[in-house]
Amino acid sequence: MFVDQDSRKLGWVSTLALLAVIGLLFRKVRWVVLPLAVVHVTLVWTKSLLWLAEAHLSMVSTTLTAMVTVIGVASVVQVTARYREERERADVADAPA
């Protein structure tokens, strides 16, 4: 019971901290919502697979939510940064019609 509570608290704290940092860096709502959506969809899939496998959270897997949040946000931020760089460099005249 305490493992589940600690896992949820750690997940919320890590999510809020990362969203605050992303909000400061990108300053657009869509760049904050996108990582949040990706992470929460991934968490639903992961927890569904754990439920299907009848696996239970242990002391080691308590950090599952925090790890998925950090890895998911890092991946989405990397893709977002690359997208924004390419968009700034792109020439409108070269765009397909």
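Cut-off values and rules
- Residues numbered from 1 in each chain as written.
- Predicted model: local features only at pLDDT ≥ 70, side-chain atom pairs only at ≥ 80, totals over all residues.
- Heavy atoms only, no water.
- Helix = DSSP H or I, 4+ residues; strand = E, 2+ residues; numbered from the N terminus.
- Contact = heavy atoms within 4.5 Å.
- Areas by Shrake-Rupley, 256 points an atom, 1.4 Å probe, with all protein chains shown as cover.
- Phe/Tyr/Trp six-rings, centres within 6.5 Å; stacked < 30°, edge-to-face > 60°.
- Patch = residues over 30% accessible without salt bridge, like charges linked within 9 Å, V, L, I, M, F, W, Y side chains within 5 Å.
- Salt bridge = Lys/Arg side-chain N within 4 Å of Asp/Glu carboxyl O.
- Buried < 20%, exposed > 50% of the residue type's maximum accessible area, 1.4 Å probe, protein only.
- Core = buried A, V, L, I, M, F, W, Y, C linked by side-chain atoms within 4.5 Å.
- Axes fitted to C-alpha atoms, helices over the stretch in contact; angles between N-to-C directions.
- Left-handed = near helix turned anticlockwise from the far one by under 90°.
- Nonpolar A, V, L, I, M, F, W, Y, C, P; charged D, E, K, R; others polar.

**Considering the overall build of the protein**
- When you go through the protein residue by residue, the secondary structure sums to three helices and zero strands.
- Shown N-terminal to C-terminal, the secondary structure of the protein runs as helices and strands in the order α-α-α.
- Residue pairs in contact within the protein that sit at least 24 positions apart in sequence constitute 79% of those at least 6 positions apart.
- Looking at the protein as shown, the accessible area adds up to about 7500 Å², and 69% of this sits on carbon and sulfur atoms.

**As for the packing of aromatic side chains**
- Enumeration over the complete set of coordinates arrives at one aromatic pair.
- Geometrically, the ring pair formed by W31 and Y83 is tilted, given 5.8 Å between the ring centres and 55 degrees between the ring planes. Here W31 is found in helix α2 (residues 29-52), whereas its partner Y83 is found in helix α3 (residues 64-89), with 52 residues between them in sequence.

**Here's the deal with a nonpolar patch on the surface**
- Judged by side-chain polarity, V41, V44 and W45 come together as a nonpolar surface patch covering roughly 330 Å² of accessible area.
- Exposure remark for W45: the relative accessible area of 59% places this residue in the exposed category.

**Quick notes on the nonpolar core**
- Residues L19, I22, F26, W31, V32, V39, L43, L64, V68 and V73 constitute the largest nonpolar core, which totals ten residues.
- Of all the elements in the fold, those that place two or more residues in this core are α1 (2-26), α2 and α3.
- Looking at this core element by element, the count peaks at four residues for α2.

**A word on the packing of α2 against α3**
- Where α2 meets α3, the closest approach of the two axes is 9 Å, and the angle between their N-to-C directions is 140 degrees. Both α2 and α3 take part in a crossing whose hand is right-handed. From α2, R30, W31, L34, P35, V38, V39, T42, L43, T46, K47 and L50 reach across to α3, where they touch L64, T65, V68, T69, G72, V73, V76, T80, Y83, R84 and R87.
- Within the contact of α2 with α3, the residues separate by chemical class into twelve nonpolar, six polar and four charged.

**Some words on the environment of D6**
- Along the chain, D6 falls in helix α1.
- With 57 residues separating them in the primary sequence, D6 and T63 have C-alpha atoms 8.7 Å apart.

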